[in-house]
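An overview of the molecular structure
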Amino acid sequence: MTDTSSSDETIPSSETAPAADAAPDDAVAEKAAQENVLVQPMRDTHFDFQHKVFGLPGAFFCQEPNSKEPVLNILLGDLKATLAFPTLLESFQIEDGTHDARLLEIIEQGLAFVKLIRPGEEIPGELLDGRASWSVEDKHRVIAKGRLTVQIVSSFTGNELIVSDIDELEQLVEDPQTKERMKAAFAKIAERLKLTNDYEQYLTDRIDDLAQELSYIEALRDRFKHIRRIDQAMAKLATIYRTDRTFCSELNRMQGLIRKPLREYDLIFDQADAQTGDIVGALRNFHPTIQFIRKIRDDLRAKLLEWEELLQGWNDITMERSPKVEALQKQTYRFLASRYIETTVWKRGG
């Protein structure tokens, strides 16, 4: 999966940038006022800001790593400045309800789908027309089309098929016998939907559209497997660090914490799969089905973005005793504890 924006750019950390709630240097305001930036006409599909501050060198939006609040990052010579939106609005007299203020609201929403946004870039598709702002690999389209094909053939021909290997799925879709079975299934579906003229082409197009939407679910499912691998990696570390009682005790608590998101994500994927469990119902209510699949896609995508830095760390680590492993373990513990630890509030009886 890849973002259409340049999300791989290094984002200034809180150690290198001023605090998000700090007042901007006076030179920032002066520089913005003096900068001769041409203001382009508003295009409904792009972040076309009007204030000159958004045209300063290196300007981009992201979430502040700790607070997760949206911030504007700019360069002023060698200085990196990070401006929280309340500070930005007040310091540069951007009033509520203005063009730029509305775009900042859209920026805040858009950062749920991409990690970084630059002024002038296209507004994420999720906010424009529901399409994804990131791409999937061909293998995920193959898997989605294969799953749908298996489901339809199994449901309407009485021949139950269980195929999970991607190569087998691809072969199955192209197999002449499968195409004949699909043709027979389409006739039954058309009868139930009361379709007459050219129903095969209509159903083929609908199935292709469904497969395209579900390919994003498959891409996310593939990526979420890496979270399960963290759980497996912790089991290996428990063996490697078996003589370190403190380390193993923390690993044990981490394994307990990570089970919660694993169960949560499995349930969400089950909900996505259930949308096409009744293919006739999905086709009869096609647009609501697409909207629900996209809602699940967007929710999963937002959750995944929170994990990305951690997943990269575990993908790059070597399973051996080392300071790097121990630092990653502590980072993971903080991540899990801040999100999934269960707390109980005790109240004195009245």
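Note that this is a predicted model, so its numbers are computed, not measured. (Residues numbered from 1 in each chain as written. Predicted model: local features only at pLDDT ≥ 70, side-chain atom pairs only at ≥ 80, totals over all residues. Heavy atoms only, no water.)

A word on the side chain of Glu 213
Tracing the backbone through its elements, the reader meets Glu 213 in helix H8 (residues 199-240). With residues up to four places along the chain from it excluded, the contact list for Glu 213 reads Ile 290, Ile 293, Arg 294 and Arg 297. (Helix = DSSP H or I, 4+ residues; strand = E, 2+ residues; numbered from the N terminus. Contact = heavy atoms within 4.5 Å.)

Structural notes on the environment of Leu 148
Along the chain, the position of Leu 148 falls in helix H5 (residues 138-157). Separated by 129 residues in the primary sequence, Leu 148 and Gly 277 have C-alpha atoms spaced 9.3 Å apart. Residues contacting Leu 148, with those up to four places away along its chain left out, are Ile 207, Leu 210, Ala 211, Leu 214, Thr 276 and Ile 279.

Looking at the packing of aromatic side chains
By the definition in use, this model includes eleven aromatic pairs. For the ring pair Phe 61 and Phe 85, a centre distance of 5.9 Å and an interplane angle of 85 degrees mean the geometry is edge-to-face. Here the residue Phe 61 occupies a position in strand S2 (residues 60-63), and Phe 85 occupies one in helix H2 (residues 85-91), the gap between them amounting to 24 residues. Both residues of the pair, Phe 61 and Phe 85, count as buried. Taken together, the ring pairs in this structure connect Phe 47, Phe 49, Phe 54, Phe 61 and Phe 85 into an aromatic cluster. Residue placement shows Arg 206 over the ring face of Phe 286; its charged tip is 4.1 Å from the ring centre. It is Arg 297 that lies over the ring of Tyr 216; its NZ or CZ is 5.8 Å from the centre. (Phe/Tyr/Trp six-rings, centres within 6.5 Å; stacked < 30°, edge-to-face > 60°. Buried < 20%, exposed > 50% of the residue type's maximum accessible area, 1.4 Å probe, protein only. Lys NZ or Arg CZ within 6 Å of the ring centre and 35° of its normal.)

Overview of the packing of H8 against helix H11 (residues 286-316)
At a minimum axis separation of 9 Å, H8 and H11 run at an interaxial angle of 30 degrees. With respect to each other, H8 and H11 are oriented roughly parallel. Classified by chirality, the crossing of H11 by H8 is left-handed. (Axes fitted to C-alpha atoms, helices over the stretch in contact; angles between N-to-C directions. Parallel < 35°, antiparallel > 145°, perpendicular 65-115°, else oblique. Left-handed = near helix turned anticlockwise from the far one by under 90°.)

Some points on the environment of Lys 225
One can find Lys 225 in helix H8. Once the C-alpha coordinates of Lys 225 and Leu 262 are considered, the two residues, 37 residues apart in sequence, prove to be 9.4 Å apart.

Thoughts on the pairing of S2
Note that S2 and strand S3 (residues 70-76) share four bridges and pair antiparallel. Looking across to S3, one finds that Gln 63 is bridged to Pro 70. Where S2 hands over to S3, the hairpin turn is made up of six residues, of which Lys 68 adopts a positive phi near 65 degrees. (Pairing = 2+ DSSP bridges.)

A few points about helix H6 (residues 166-174)
Where H6 is concerned, the buried positions are Leu 169, Leu 172 and Val 173. Seen end-on, H6 carries its buried residues on one side only, within an arc spanning 95 degrees. Away from its buried face by more than 90 degrees, H6 exposes Gln 171 and Glu 174. (Arc of directions from axis to C-beta.)

Brief notes about the pattern of salt bridges
Summed over all chains, the structure comprises 18 salt bridges. Asp 138 serves as the salt-bridge partner of Arg 141, at 2.9 Å between the closest nitrogen and oxygen. Residue Arg 141 and its partner Asp 138 are located together in helix H5, separated by three residues, close to a single helical turn. Accessibility expressed as a relative area gives 31% for Arg 141, which makes it partly exposed. For Asp 138, a relative accessible area of 57% corresponds to the exposed category. With a closest N to O distance of 2.9 Å, Asp 298 and Arg 297 form a salt bridge. (Salt bridge = Lys/Arg side-chain N within 4 Å of Asp/Glu carboxyl O.)

Here's the deal with the environment of Gln 50
Inspection of the secondary structure puts Gln 50 in the loop between helix H1 (26-34) and S2. Each C-alpha atom, one on Gln 50 and one on Pro 119, is 9.9 Å from the other, the two residues being 69 residues apart in sequence.

Topic: H8
The first and last C-alpha atoms of H8 sit 60 Å apart over 42 residues, in line with the 62 Å expected at 1.5 Å per residue. At Leu 214, H8 shows its maximal bend, which comes to roughly 25 degrees. (Expected span 1.5 Å × (residues − 1). Bend = angle between axes of the 7 residues up to and from the residue.)

A few points about the sheet that holds S3
Strand order in the open sheet formed by three strands is S2-S3-S4, and the pairing between neighbours is antiparallel. Edge positions in the sheet fall to S2 and strand S4 (79-84), since each has one partner strand and no second. The average undirected angle you get between the axes of adjacent strands in this sheet is 35 degrees.

Concerning the confidence of the model for the protein chain
In the predicted model, the protein chain carries a mean pLDDT of 84, and 82% of its residues have values of at least 70. The secondary structure element of the protein chain with the lowest average pLDDT is strand S1 (residues 2-3), at 48, and the one with the highest is S2, at 95. With pLDDT under 50 throughout, residues 2-25 is counted as low confidence; its partners more than four residues away or in other chains account for 50 contacts. Per-residue pLDDT stays below 50 along residues 31-42; that stretch engages in 17 contacts with residues further than four places along the chain or on separate chains. (pLDDT = per-residue confidence, 0-100.)

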